[in-house]
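Topology and contacts: notes
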Amino acid sequence: MSPHVPADLRQALRALRRAPGFTAAAVLTLALGIGAATAIFSVVNGVLLRPLPFPDPDRLVLLHERARPIGLDRMWVSLPNFRDWRERARSFEEMAAFNAGEAGLTGAGEPEQVRVAWSEGPLLELLGARAVAGRGLAAADDEPGAPAAVVLGHGLWQRRFGGDPAAVGSTVRLDGEPFTVVGVMAPGFAFPDLADAGVEAWVTTAPLVRADPDLLRRGNHWLAVVARLRPGATPESARREMLGLARALREENPDSFDDGVDLTPLAEEVVGGARRPLLLLLGAVGLLLAIACANVAGLLLARGAWRGREIGIRAALGAGRARLVRQLLVESVVLALAAGAAGLLLANWGVEALLSLSPASLPRLDEVGVDGRVLAFGIAVSTLTGAAFGLLPALHASRQDPAALLGEGALRTTAGPRRARLARVLVVVELALAVVLLAGAGLLARSLSGVRGVDPGFDPRGVVLASVSLPTSVYAERERWVAFFDDVLERLRAHPGVTAAGVVTDPPLSGSGRQTGLRIEGAPQPPPGQQPPLTDIQVVSPGYPDAAGIQLVRGRTFEPADGPDAPLAALVDEVLVRRYWPDTDPVGRRLALDDDESGRPRWREVVGVVESVKHYGVDLDAERRAGGELVRPTVYLPHRQEPESSMTIAVRTDGDPAAVVPVLREAVRAVDPAQPVGEVRLLRDLMADSLGPRRLHTVLLGGFAVAALLLAAIGTYGLVAQAVARRAREIGIRIAVGARDEDVVGMIVRQGAALATAGAAAGLAAALGATRLLEGLLFGVGARDPVTLAAVVSVLVAATLLASWIPARRASRIDPIEVLRSE
């Protein structure tokens, strides 16, 4: 350490204590920028930079099948294909497959619906999971005829068994089937947030396959596959091997329509679409910090004008230029570190606020916090910030002539044209950066407004949703599935607070759905070896469209008469009509989704057309591409003809939805006291969650833009106020010779208008390039939307003129006698 550093530190602290007003203003300005940057970095760190909490996470990959002939680049994997992959692939140490869903838990307290992961292969070992009691799932548990085993999550163990070690070895029932508890997972084990979150129990696929042999079909794609690369293998080499294996399996199984494999690092899959928005927010907060630095640099320039005599004395006593620059830089860094300490306090509060605002779809939120890396980032940013905003003023001050600094005109010399030009440049930079942030915030705000104005195809008001999964061991016959749900719906409709009720396999915005091939009667069939186009399918009961608020466009909805003995019926949405029957009435037309036992199409008559539902997101237009895949049409089937054991009950009320929840639970309990009810949610909450990421991005960027505009306006005010102080004598003379108030105000405000013009021009040029980075986040508005850019310029000009008008108004009230007397 240089022997001058301690002395420089002491001098810096004395100088800052002598100017408490300047110090407070600079610290608060920098703390705002540093705190915001650190808070956003903490989220980036937790979500993007931290490795996944598994051993060697960089070697973990996720595998999907691909079927490009029918427009699917990524789909789940069939069990036979997974077993072939695991046996033949050489690029991986191990593979495991899983699917997550709900199961009714009985045998230990009240019936409860829990999240369960069915796995094949050593999934828990692959992820480095550790059991705190008993063991994990073993290879023997996958063997045919092996006793059904379950591993409990730590939270479920605590909730259901009070943390009793004797729970290991006990028997519980999942969907009515007995399972032996063989182990309990360690606390904090985070299951990959892929197919579903909140898994609380792990079992093998064997019991599931025994109950539903259809899961063994090669065309039934229902598993997620995770694998660990061998040492030396790369994702690219593994991808090449898997593509060759997929081609070989296709030749061996001509009826299969998958034609490739997609391989993605697990970390990339978990992070999903959060990477780009978070990096954009980090860039935005970097612009805010740059504005704060420019603002404080302007304050230092102004302060340097009043410290000219001090600097002149130091130079006259022999302090060289390097010594002066170092002293002023140390002062700037001390100022920035003080601001950094305040900024870290703001960041800690900001992280809590961000977590409260963050949507559930943002991954890894439980890993976000202020840790050592975030503290190091805050300290580094503070130090670099101090050097950044202190360098120009320090270099400028060190260039001054000591004789001029010590002369009678020192103040006018140090506040001369060069310093004024540098101050103007800093303010123009602030204004330009504020334009960029305002433009981005404006575009996101317009996008959010546009999404909120989209008709989702359903009415979420007053709709309660509850999932119910019937155990097939208890409800073995399909007729009993229909009878159960019909009985529950009848009880619900009899309640005076319920206006409509129905069941559906996948409610709107649930993120899940099923697809199948679609054939239109009379339309050309695909060539041999090619699959027909896909459609989403939903199984619903009579009354479901009314319960969900889905409008009937023509024809009719399902009726109780649409049963197993009636002709097969279907409802279609407007997307399907536009695509296949644009110029004809679809009611009475026929379509097929599968074949009968003899291989002939099972034709269904279209009985009605309903409004298109934005099932996967309100911002996904029916004719746009989502994730590289054309949004599919939807076909609705009557649940009495195509029964399902797992359904979601939808109940509509004109009153308080919360009052319907106990009514719904009681209706299920009245039909079967042992049947648990899954998660109960409001449809309006699902809709709000679907808009959560857009709302978060808009709120954060909007907050940064407002802060940037405020700082730029303060910088403009400071610059104009300094100009008024320097020109006080001139203004006094103008007033003395007859200048009116409006003349003085106009003269000063024109200076602000010039700054606004320069800042707006530079900002618009930068914004035209920067806003293109937002294209993937926009909806219904272009990245160079002229209305938004015009509004941004108007706001900037108005704020700048207001900031100029305040000192201009004060200048118009100068008493010329006092000014001339003081001179």
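Quick caveat: nothing in here was measured; it's all calculated off a predicted structure.

What follows deals with the packing of helix α20 (residues 683-690) against helix α21 (residues 692-726). Here α20 crosses α21 at 50°, and the two axes come no closer than 4 Å. As far as their axial angle goes, α21 and α20 are oblique. Between α20, through Ala688, Asp689 and Ser690, and α21, the contact on the second element is made entirely by Gly692, Pro693 and Arg695. The residue makeup of the contact of α20 with α21, split by class, is two nonpolar, two polar and two charged.

By the criterion of burial, strand β1 (residues 60-67) is predominantly enclosed, with eight of the eight residues buried. Side chains Leu60, Leu62, His64 and Arg66 project from β1 onto one buried face, and the interleaved Val61, Leu63, Glu65 and Ala67 project onto a second face that is buried too. With six bridges joining them, β1 and strand β12 (residues 260-265) adopt antiparallel strand pairing. Bridging from a neighbouring strand, Leu62 pairs with Thr264 of β12.

Let us now look at a nonpolar patch on the surface. Taken together, the side chains of Tyr717, Leu802, Trp805 and Ile806 make up a nonpolar region of the molecular surface, amounting to roughly 380 Å² of accessible area. Inspection of the secondary structure assignment puts Tyr717 in helix α21.

This paragraph deals with the nonpolar core. Residues Ile40, Leu288, Leu437, Leu701 and Phe704 are the most contacted members of the largest nonpolar core, which totals 68 residues. Those elements that provide at least two residues to this core are α2 (20-49), α9 (275-306), α11 (321-357), α15 (417-452), α21, α23 (741-770) and α24 (786-811). Residues within four places of Phe704 in sequence aside, it is in contact with Ala36, Ile40, Leu281, Ala284, Val285, Leu288 and Leu437. Counting residues in each nonpolar core, the second largest holds 39 residues, with Phe485, Val488, Leu593 and Val606 among its members.

The next point concerns the packing of helix α3 (residues 79-88) against helix α7 (residues 235-252). Two numbers describe how α3 lies on α7: the axes approach to 11 Å, and their chain directions differ by 130°. Comparing the axis directions of α3 and α7 gives the class oblique. Between α3 and α7 lies a crossing of right-handed hand. Here α3 contributes Asn81, Asp84, Trp85 and Arg88 to the contact with α7, which in turn contributes Glu241, Met242, Leu245, Leu249 and Glu252. Considering only residue class, the contact of α3 with α7 consists of four nonpolar, one polar and four charged.

This part is about the packing of aromatic side chains. Think of a pair of aromatic rings as described by two things: how far the centres are apart, and how the planes are tilted against each other in angle. Counted under the stated rule, the structure contains three aromatic pairs. Ring centres of Phe41 and Phe377 lie 4.0 Å apart, and the angle between their planes is 10°; this geometry places the pair in the stacked category. Here Phe377 lies in helix α12 (residues 372-398) and Phe41 lies in helix α2, a separation of 336 residues in the sequence. According to the relative accessible area criterion, Phe41 is buried, its value standing at 10%. Chaining the aromatic ring pairs together yields one cluster made of Tyr475, Phe484 and Phe485.

Looking at the protein as a whole, its pLDDT mean stands at 82, while 85% of the residues score no less than 70. Considering only residues more than four positions removed or in separate chains, one finds that residues 621-630, a stretch of pLDDT under 50, has 23 contacts.

Here we take up the side chain of Thr653. Mapped onto the fold, Thr653 is located in the loop between β25 (646-652) and α19 (657-671). Only 2.6 Å separates the side chain of Thr653 from the backbone oxygen of Gly497, close enough to count as a polar contact. Here Thr653 is in contact with Gly462, Gly497, Thr499 and Val660, once residues within four sequence places are set aside.

Moving on, we get to the environment of Phe189. For Phe189, the location among the structural elements is in the loop between β9 (177-185) and β10 (201-204). Spatially, the C-alpha atom of Phe189 lies 9.3 Å from that of Gly128, the residues being 61 residues apart in sequence. If we ignore the near neighbours within four places in the chain, the residues touching Phe189 are Phe54, Leu124, Leu127, Ala129 and Trp202.

Right, let's talk about the pattern of salt bridges for a bit. Considering all chains together, one arrives at 31 salt bridges under this definition. We note a salt bridge from Arg218 to Asp84, for which the minimum N-O separation is 3.0 Å. Note that Arg218 is positioned in the loop between α6 (206-211) and β11 (221-229) and Asp84 in helix α3, a separation of 134 residues in sequence. Of the residues examined, Arg218 reaches a relative accessible area of 22% and is grouped as partly exposed. We classify Asp84 as buried; its relative accessible area is 14%. One salt-bridge network, in which partners are shared between bridges, spans Glu112, Arg159, Arg160 and Glu200.

Cut-offs used in this document
- Residues numbered from 1 in each chain as written.
- Predicted model: local features only at pLDDT ≥ 70, side-chain atom pairs only at ≥ 80, totals over all residues.
- Heavy atoms only, no water.
- Axes fitted to C-alpha atoms, helices over the stretch in contact; angles between N-to-C directions.
- Helix = DSSP H or I, 4+ residues; strand = E, 2+ residues; numbered from the N terminus.
- Parallel < 35°, antiparallel > 145°, perpendicular 65-115°, else oblique.
- Contact = heavy atoms within 4.5 Å.
- Nonpolar A, V, L, I, M, F, W, Y, C, P; charged D, E, K, R; others polar.
- Buried < 20%, exposed > 50% of the residue type's maximum accessible area, 1.4 Å probe, protein only.
- Pairing = 2+ DSSP bridges.
- Patch = residues over 30% accessible without salt bridge, like charges linked within 9 Å, V, L, I, M, F, W, Y side chains within 5 Å.
- Areas by Shrake-Rupley, 256 points an atom, 1.4 Å probe, with all protein chains shown as cover.
- Salt bridge = Lys/Arg side-chain N within 4 Å of Asp/Glu carboxyl O.
- Core = buried A, V, L, I, M, F, W, Y, C linked by side-chain atoms within 4.5 Å.
- Left-handed = near helix turned anticlockwise from the far one by under 90°.
- Phe/Tyr/Trp six-rings, centres within 6.5 Å; stacked < 30°, edge-to-face > 60°.
- pLDDT = per-residue confidence, 0-100.
- Polar contact = N/O pair within 3.5 Å; in protein donor to acceptor, adjacent residues only side chain to side chain.

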